[in-house]
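Overview (structure and organization)
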Amino acid sequence: MFKVVDNLRSIEFGTPGESRARLIDFIVNGNKRATAGLLDDYAKESEPIESVGECLAMLNNDDQHVATLRVTRVEVSRFIDVPDEFALAEAEGDLNAADFRANHSDYWSRIGETVTDETQIVQVYFELLTHRLRPLQSSDAEWIYQACQDTEVQRWTQIPRPYTREHAKSFVIDQNGELLANAIINSRTGEPAGVAGIHHIKNGVATVGYWIAPQARRAGAASTALKILPTFAKRLGDAQTVRAIIAETNAASRATAERAGFKIARKSAEQCPDGATQTTAIDYELTFERFN
């Protein structure tokens, strides 16, 4: 079975040591945006191949989740049929499919795998996300407390007012009844950017929420979190739809949902806060047909 880290299936590149560090550097600091695997390995591990829209936890040599990758395309073909396009996207120095076959045949041979022209190869294309999600920790309480003093966080969320350190400490322990609450972490800096999670999953619909600390806004944190949450929803509750209920007056949050691929589904049956009042809300939804 593939390791599950921070509620995501993990992905490990190359072999532990220098090889893995080099490939991670190609992804984080270069243009590597694809990877290849043997179809037989999925069967051995009793794992399905990756699906478009699925998010994966990229692990370093210390098994730490250093970045999240989102699958954009998956192809399965014979080794002999792997195209030049894939070799270039994999960005490991291969200039065409012939280079890919020569180098990967050598690699798989060194780790004890026999590969022929007929061997089925899984080609996974992906994007590197700017942020990752991880479970809340006790050390998150202070920055959550500070962020929740912000007038915008208080305007659009249902956090207590005033928001105290005790509220923050309680939240990181029991998540205030949320099904799942995660810190949004900038993958390059390691700095926290906000909180995103799943309120509940009912009848195949996962309702999600998020807020961003003032210093981390306009850096893609919220829209990235919304790209990751559907994978959580599918893993945790076999959800088929992800729903974000957003105040009609919250133009910034509505734009964020749209950037993440969510569409207006309907006027919501619920209301959302806009400061001290409750206002009309819109249901934004993403169905799994859009990312599977």
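Higher on the page you've got the structure.
An account of the accompanying structure is given in this report. Please read all numbers here as calculations on a predicted model, not as lab measurements.

The next point concerns the pattern of salt bridges. Applying the stated criterion across every chain, the model contains 23 salt bridges. The salt bridge involving Lys-32 is made with Glu-92; its shortest N-O contact spans 2.6 Å. Placement of Lys-32 in the loop between helix 1 (18-28) and strand 3 (34-38) and of Glu-92 in the loop between helix 3 (84-90) and helix 4 (97-110) is noted, with a sequence separation of 60 residues between them. The exposure class of Lys-32 is buried, given its relative accessible area of 0%. A salt bridge links Glu-113 to Lys-44; its shortest N-O distance comes to 3.8 Å. Of the two residues, Glu-113 sits in the loop between helix 4 and strand 6 (120-128) while Lys-44 sits in helix 2 (residues 39-45), which places them 69 residues apart along the sequence. Salt bridges linked by common partners bring Lys-3, Glu-12, Arg-20 and Asp-63 together as one network.

What the 7 strands build is an open sheet, ordered 7-8-9-10-11-13-12; its pairing is mixed. Two strands in the sheet have a free side with no partner beyond their single neighbour: strand 7 (131-135) and strand 12 (263-274). Each adjacent strand pair in this sheet contributes to an overall mean axis angle of 30°, direction not counted. In the sheet, strand 12 pairs with strand 13 (residues 277-287) via 8 bridges, with the strands oriented antiparallel. Within the sheet, the bridge partner assigned to Pro-273 lies in strand 13 and is Gln-278. Packing against the sheet, helix 8 (residues 221-237) makes contact with strand 7, strand 8 (180-186), strand 9 (192-202), strand 10 (205-212), strand 11 (241-247) and strand 13, and its axis sits at approximately 35° to strand 9.

Time to look at helix 1. Three or more residues of helix 1 are buried, namely Ser-19, Arg-20, Leu-23, Ile-24 and Ile-27. End-on, the buried residues of helix 1 take up no more than an arc of 125°, which puts them together on one face. Those residues of helix 1 that are buried are in contact with strand 4 (55-59), strand 5 (65-78) and strand 6.

Time to look at the pairing of strand 13. Two strands pair when backbone bridges link them, and strand 11 and strand 13 are joined in this way by 7 bridges, in the antiparallel orientation. Within strand 13, the residue paired with Ala-247 across the bridge is Ala-281. Taking the residues that link successive antiparallel strands as the turn, the strand 12-strand 13 hairpin has 2 residues, and the phi of Gly-275 there is positive, at about 70°.

The next subject is the environment of Gly-93. Within the secondary structure, Gly-93 is located in the loop between helix 3 and helix 4. The class for Gly-93 is exposed, based on a relative accessible area of 62%. Separated by 10 residues in the primary sequence, Gly-93 and Asn-103 have C-alpha atoms spaced 9.5 Å apart.

Quick look at the sheet that holds strand 5 now. Taken together, 6 strands build an open sheet; the order of strands is 1-2-4-5-6-3 and the sheet is mixed. Of all strands in the sheet, those with a lone pairing partner are strand 1 (4-5) and strand 3, marking the two edges. In terms of strand pairing, strand 5 meets strand 6 through 9 bridges, oriented antiparallel. Residue pairing for strand 6: Ser-77 is matched across the bridge by Ile-121. Across the sheet, helix 1 lies against strand 4, strand 5 and strand 6, angled at about 130° from strand 4, the strand it touches most.

Conventions we followed
Residues numbered from 1 in each chain as written. Predicted model: local features only at pLDDT ≥ 70, side-chain atom pairs only at ≥ 80, totals over all residues. Heavy atoms only, no water. Salt bridge = Lys/Arg side-chain N within 4 Å of Asp/Glu carboxyl O. Helix = DSSP H or I, 4+ residues; strand = E, 2+ residues; numbered from the N terminus. Buried < 20%, exposed > 50% of the residue type's maximum accessible area, 1.4 Å probe, protein only. Pairing = 2+ DSSP bridges. Axes fitted to C-alpha atoms, helices over the stretch in contact; angles between N-to-C directions. Contact = heavy atoms within 4.5 Å. Arc of directions from axis to C-beta.

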